Amino acid sequence: MTLRANYFELASKAMQILINQESYLREQFSISETLTVQTWELVKLRLSQINQCAFCIDMHSKEALSQGENQERIIGLSAWRDMPFYSDTEIAALNWAEHLNSGKAVDDNSYQKIVEALGEQAVVDLTIAINAINSWNRIAKTFRPEVGSYKP
């Protein structure tokens, strides 16, 4: 594999903004009464699957397992709609993540439905988290860090 630019070194201030965003999200999901860090990890993994980001799939699979996630739920994530393993909250979060990732407009009905399911604060944090993982996926797909090198 050809080595590519060291994005952490060349854009350290920009990368620090993304890292600070991750810290904010970890804190929010750690104290949330609705969305957990475990749900956040499932969302990151699912969007990384959709975006076909090998490095992020490896990373978030390992992170989820290290946090006690069930291997069956990780394996079933690509077909989560047909699997009985996920809570109503996780289903709502995964559905919202896929909707936003599709690029389709968010109509009033969809917005009301997600707010009713999760609450406004959780929807704001989840939307920021969806934006964040999409940023990370695009960075990783461009600069290709070594897949398999991540250790939780």
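Right, let's talk about helix H6 (residues 88-102) for a bit. Between its first and last C-alpha, H6 extends 21 Å over 15 residues, near the 21 Å set by a 1.5 Å rise per residue. Inspection of H6 places Glu 90, Ala 92, Ala 93, Leu 94, Trp 96, Ala 97, Glu 98 and Asn 101 among the buried residues, and these make up the whole buried set. Its buried side turned inward, H6 meets helix H3 (37-50), helix H5 (71-76), helix H7 (108-118) and helix H8 (120-143). Downstream of H6 by a residue or two, Gly 103 has a phi angle that is positive, lying close to 85°.

Moving on, we get to the pattern of salt bridges. Under the defined criterion, the tally for this structure stands at 7 salt bridges. Asp 58 serves as the salt-bridge partner of Lys 62, at 3.2 Å between the closest nitrogen and oxygen. On the criterion of helical spacing, the pair formed by Lys 62 and Asp 58 is a turn pair, its members being 4 residues apart in helix H4 (residues 54-66). Residue class for Lys 62 comes out partly exposed when judged on its relative accessible area of 25%. The salt bridge involving Arg 73 is made with Glu 69; its shortest N-O contact spans 2.5 Å. One exposure class covers both Arg 73 and Glu 69, and it is buried.

Attention now moves to the side chain of Lys 44. On the secondary structure map, Lys 44 appears in helix H3. Residue class for Lys 44 comes out buried when judged on its relative accessible area of 5%. In this structure Lys 44 touches Glu 22, His 60 and Ile 133, once residues within four positions along its chain are discounted.

On inspection of all chains with the given rule, the structure shows 5 aromatic pairs. Centroid distance Tyr 7 to Phe 8: 5.1 Å. Interplanar angle 40°. Geometry classified as tilted. The class for Phe 8 is partly exposed, based on a relative accessible area of 37%. The rings of Tyr 7, Phe 8, Trp 136 and Phe 143 are connected pair by pair, giving a single aromatic cluster. Sitting above the plane of the Trp 40 ring, Lys 44 keeps its charged end 3.6 Å from the centroid.

What follows covers the nonpolar core. Ranked by size, the top nonpolar core spans 34 residues in total, and within it Val 43, Leu 118 and Leu 126 carry the most contacts. Breaking this core down by element, the ones donating at least two residues are helix H2 (12-31), H3, H6, H7 and H8. No other element matches the 9 residues that H8 contributes to this core. Those residues in contact with Leu 126 that lie beyond four places of it in its chain are Phe 29, Leu 35, Val 43, Ala 93, Trp 96 and Leu 118.

Calculation notes
Residues numbered from 1 in each chain as written. Predicted model: local features only at pLDDT ≥ 70, side-chain atom pairs only at ≥ 80, totals over all residues. Heavy atoms only, no water. Helix = DSSP H or I, 4+ residues; strand = E, 2+ residues; numbered from the N terminus. Expected span 1.5 Å × (residues − 1). Buried < 20%, exposed > 50% of the residue type's maximum accessible area, 1.4 Å probe, protein only. Contact = heavy atoms within 4.5 Å. Salt bridge = Lys/Arg side-chain N within 4 Å of Asp/Glu carboxyl O. Phe/Tyr/Trp six-rings, centres within 6.5 Å; stacked < 30°, edge-to-face > 60°. Lys NZ or Arg CZ within 6 Å of the ring centre and 35° of its normal. Core = buried A, V, L, I, M, F, W, Y, C linked by side-chain atoms within 4.5 Å.

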